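Observations on chain architecture
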Amino acid sequence: MDNRIVRPFPTPQMRQDAPSASLGLTRRLRRNRKAEWSRRLVRETRLTTDDLIWPLFLMDSSEARTPVAWMPGVERLNIEEAVRQSVHAASLGIPAIAPFPFVDKALRDPTGSEALNARNLMCRAVRAIKAEVPQIGIICDAALDPYTSHGHDGVMDGERILNDASVHILVQQALALADAGADVIAPSDMMDGRVGAIRAALDAAGQEDVQIMAYAAKYASAFYGPFRDAIGTNATLVGDKRTYQMDPANSDEAIAEVALDLEEGADMVMIKPGLPYLDIVARVKDHFRVPTFAYQVSGEYAMIMAAAGNGWLDGDRAMMESLMAFKRAGADGVLTYFAPKVAQALKAMG
Ligand code: PBG
């Protein structure tokens, strides 16, 4: 005999009788979601302006700004404009910026020698920004890709990227940036041993207060595409970066990378890209309990902006949701091209 209870599709009559048709549940998670005041009260994660690091693009130009075609809403700034934008960022309460240079093609060579020029675009910009807005943190990439004719982060011998020879140059680049006033050196090159070498050199130069934010787990990712347009390395990059950046298939290896960078003296670690690697962010934070950052990279920004531009999603909501997701995963902060927009939005919310 079939004694299953048949639950008929609710008839208008049943809906009218709804109160007596209670399921008798003791825990109804929807109750706390019934109104905005209640949702605010039980919210587990906060996104604030203190969580934002703004990456921006520098250029040597008489023009104040030029658009980055593959990143709608992002522009390259000349030094004067970068100073103005830094003042603006500071007034919004953004703690730090991360400038990247578009280097004149004529200045690029196989060893990236312009990176060591104390009067290069980055060093001049850092000095100018520090002079005008000393209260904003300046995080400077240590990597050779904006300066090399082949677009790699290190120097090459034929097809090979040389590890130790690259570290030797990166150390000098870091010293030049620290001299110019960089508050944080962020090695993004993924050479082995560079954090320790940079730390030792900074200390020896009396720059023991300069912090290191290591791009600790940086993956060989397709999501960097628009960035390479922004700094003009897309056309020049020879081959790919898979012999030094991490394999997207690996997770235990990210733990090993972070462990080494911390042993070598990193003050903060970063995972990059961001959203496709939230599992790594969560794992690193849980494992090490150190200041952990994520980089919402150019391709992630471009995806949201392109879909929003087509009317396929609400760009502002997607922006806020994506940043909240980083916080929920355990990130202490996020490098994001949305930083000024998010800071404005948070300010408007009060
Ligand atoms: C280069 C560097 C890259 C990014 C930051 N530093 C690109 C790369 O490794 O090719 C990417 C940032 C982004 O995509 O927004 N060392």
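Presented here is an overview of the structure given in this document. (Residues numbered from 1 in each chain as written. Predicted model: local features only at pLDDT ≥ 70, side-chain atom pairs only at ≥ 80, totals over all residues. Heavy atoms only, no water.)

Moving on, we get to the overall build of the chain. For the chain, the count of helices and strands is 12 helices and 12 strands. A principal-axis box enclosing the C-alpha atoms of the chain has dimensions of 85 × 45 × 40 Å. Relative to its 350 residues, the chain shows a buried fraction of 51%. Within the chain, contacts between residues at least 6 apart in sequence are counted, and of these 75% link residues at least 24 apart. (Helix = DSSP H or I, 4+ residues; strand = E, 2+ residues; numbered from the N terminus. Buried < 20%, exposed > 50% of the residue type's maximum accessible area, 1.4 Å probe, protein only. Contact = heavy atoms within 4.5 Å.)

For helix α8 (residues 252–263), which comprises 12 residues, the first-to-last C-alpha distance of 17 Å matches the rise-based estimate of 16 Å (1.5 Å per residue) to within 8%. Here the buried face of α8 lies against α6 (194–204), β9 (211–218), β10 (268–272) and α9 (278–288). Gly 265 sits one or two residues past α8 and shows a positive phi near 115°. (Expected span 1.5 Å × (residues − 1).)

A cluster of nonpolar side chains, Trp 37, Leu 41 and Val 42, forms an exposed patch at the surface whose accessible area comes to about 350 Å². Within the secondary structure layout, Trp 37 lies in helix α2 (residues 36–42). (Patch = residues over 30% accessible without salt bridge, like charges linked within 9 Å, V, L, I, M, F, W, Y side chains within 5 Å. Areas by Shrake-Rupley, 256 points an atom, 1.4 Å probe, with all protein chains shown as cover. Salt bridge = Lys/Arg side-chain N within 4 Å of Asp/Glu carboxyl O.)

Attention now goes to the site of the ligand. With respect to spatial proximity, 18 residues lie near the ligand, and among them Ser 188, Arg 228, Lys 272, Ser 298 and Tyr 337 are the closest. Gln 245 places a polar side-chain atom, nitrogen or oxygen, 2.9 Å from an oxygen atom of the ligand. Ser 298 is positioned with one of its side-chain polar atoms (N or O) 2.7 Å from an oxygen atom of the ligand. Burial of the ligand by the protein amounts to 100% of the accessible area it has alone, namely 400 Å². Partitioned by chemical class, the residues of the shell around the ligand number 8 nonpolar, 3 polar and 7 charged. (Near = heavy atom within 4 Å. Polar contact = N/O pair within 3.5 Å; in protein donor to acceptor, adjacent residues only side chain to side chain. Nonpolar A, V, L, I, M, F, W, Y, C, P; charged D, E, K, R; others polar.)

Looking now at the pattern of salt bridges. Going through the model one piece at a time under the given rule, you end up with 19 salt bridges. Glu 81 is the partner of Arg 65 in a salt bridge, and the nearest nitrogen-oxygen pair spans 2.9 Å. Taken together, the positions of Arg 65 in strand β2 (residues 65–67) and Glu 81 in helix α3 (residues 79–92) put the pair 16 residues apart, joining distant regions of the chain. The class of Glu 81 is buried, set by a relative accessible area of 7%. Between Arg 194 and Asp 189 there is a salt bridge, with its nearest N and O atoms 3.2 Å apart. Note on Asp 189: relative accessible area 0%, which makes it buried. Connected through salt bridges with shared partners, the residues Arg 65, Glu 75, Glu 81 and Arg 84 form a single ionic network.

Along the polypeptide, Leu 278 turns up in helix α9. Classification of Leu 278 as buried rests on a relative accessible area of 15%. Along the sequence, Leu 278 and Arg 31 sit 247 residues apart, while their C-alpha atoms lie 29 Å from each other. What Leu 278 contacts, discounting residues up to four positions off in sequence, is Ala 325, Phe 326, Arg 328 and Ala 329.

On the surface, Arg 28, Arg 30, Arg 31, Arg 33 and Lys 34 cluster together to form a positively charged patch. One can find Arg 30 in the loop between α1 (12–16) and α2. Classification of Arg 30 by relative accessible area gives exposed; the value is 69%. (Lys, Arg positive; Asp, Glu negative; His and termini not counted. Charge placed at Lys NZ, Arg CZ, Asp CG, Glu CD.)

We now examine the packing of aromatic side chains. On inspection of all chains with the given rule, the structure shows 9 aromatic pairs. Between Tyr 215 and Tyr 295, the ring centres sit 6.3 Å apart and the planes meet at 45°, which makes this aromatic pair tilted. With Tyr 215 in strand β9 and Tyr 295 in strand β11 (residues 292–296), this pair connects stretches of sequence that are 80 residues apart. On the accessibility criterion, Tyr 215 (1% relative accessible area) is buried. For Tyr 295, a relative accessible area of 1% gives the class buried. Between Tyr 301 and Tyr 337, the ring centres sit 5.9 Å apart and the planes meet at 65°, which makes this aromatic pair edge-to-face. Linking Tyr 301 in helix α10 (residues 298–309) with Tyr 337 in the loop between β12 (333–336) and α12 (339–349), this pair joins segments that are 36 residues apart in sequence. A single burial state applies to Tyr 301 and to Tyr 337, both of which are buried. A network of ring pairs unites the aromatic residues Phe 57, Phe 100, Tyr 215, Phe 227, Tyr 295, Tyr 301, Tyr 337 and Phe 338 as a single cluster. Positioned over the ring face of Tyr 224 is Lys 272, at 4.6 Å from the centre of the ring. The lysine or arginine in question, Lys 272, covers the ring of Tyr 295, its NZ or CZ lying 4.8 Å from the ring centre. (Phe/Tyr/Trp six-rings, centres within 6.5 Å; stacked < 30°, edge-to-face > 60°. Lys NZ or Arg CZ within 6 Å of the ring centre and 35° of its normal.)

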